[in-house]
Amino acid sequence: MRLSSAILVAASAVLAGCQNKPVLQVSGPPDPFGYLKRSAVCQVGPVKSAGPAQKTTTMAVRSDDGNCVVLVQQGGEHAYASFGVSPAPEHGKAFLYNHNDHTYVMYTPNTAYAGPDHFGVTLIRGPGQPRDTLDVTATVDATGVVVPTPLITAPTPAPAAAKSTSKTATRRRAKTTTHP
């Protein structure tokens, strides 16, 4: 009886180590919105200084309906007070937001687009302070991206009915008069 109790205790101890515990996985910047899809390919180069108040960066991203994010901060490791996009990307969308004292520049290329894209970001430090600019050059890849075809297609218009060129004969009734 003692042997079976010892085996039972040892088995319980071994199995206790196999409990499934949730693992926190962080794969990129936080998603405060809870619905943003990350691109399967997102490689961001370092943000480099290109002169006073000018920064540049590059990114390689797949056009799989996911996004790629660049993290920027002003001196002192703080988020920018405000920001804007100018010029906007020609082949995608840029979205900027602050979260946990960081400023994020998110780029989502148009689905299945392949080629270069470029956009600029104006970063405002605060009232009365100089502005910074960030120049982003993106190389977009569409490898393996399939554009789904819709299950329901729009109805095609019926061909225009041929107009009749013949004249329709009009008959007039002869006026009849009755005499008393």
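Our structure is the block above this text.
So, a few notes on the structure that sits alongside this text. (Residues numbered from 1 in each chain as written. Predicted model: local features only at pLDDT ≥ 70, side-chain atom pairs only at ≥ 80, totals over all residues. Heavy atoms only, no water.)

## Describing the state of the cysteines
For clarity, the threshold we go by: What counts as a disulfide here is a pair of cysteine sulfur atoms lying within 2.5 Å. Secondary structure follows DSSP: runs of H or I at least 4 residues long count as helices, runs of E at least 2 residues long count as strands, and numbering of each begins at the N terminus. Relative accessibility decides the category of a residue: with a 1.4 Å probe and only protein chains considered, values under 20% of the type maximum give buried, values over 50% give exposed, and everything between is partly exposed.
As enumerated under the stated definition, the model contains one disulfide in all. Residue pairing for Cys42: its cysteine sulfur links by disulfide to Cys68, the two sulfurs lying 1.9 Å apart. With the S-S bond torsion at 75°, the cross-link from Cys42 to Cys68 turns out right-handed. Of this pair, Cys42 sits in strand β1 (residues 42–44) while Cys68 is found in strand β4 (residues 68–72), placing the two residues 26 residues apart along the sequence. A residue is classified by how much of its surface remains accessible, and Cys42, at 35% relative accessible area, is partly exposed.

## Overview of the packing of aromatic side chains
The relation between two aromatic rings is expressed through the spacing of the ring centres and the mutual angle of the planes. Defined as follows: Ring pairs shown here join Phe, Tyr and Trp side chains whose ring centres sit within 6.5 Å, with only the six-membered ring taken for Trp; geometry is labelled stacked below 30 degrees between planes, edge-to-face above 60, and tilted in between.
Counted according to the given criterion, the structure contains three aromatic pairs. Plain terms: the ring middles of Tyr97 and Tyr104 are 5.1 Å apart, the flat faces sit at 20° to each other, and that makes the pair stacked. Of the two residues, Tyr97 and Tyr104, both sit in the buried class. Arranged with centres 5.4 Å apart and planes meeting at 20°, the rings of Tyr107 and Phe119 form a pair that is stacked. Of this pair, Tyr107 sits in strand β7 (residues 102–109) while Phe119 sits in strand β8 (residues 115–124), placing them twelve residues apart in sequence. The pair formed by Tyr107 and Phe119 is uniform in burial state, with each residue classed as buried. One aromatic cluster in this structure is built from Phe95, Tyr97 and Tyr104.

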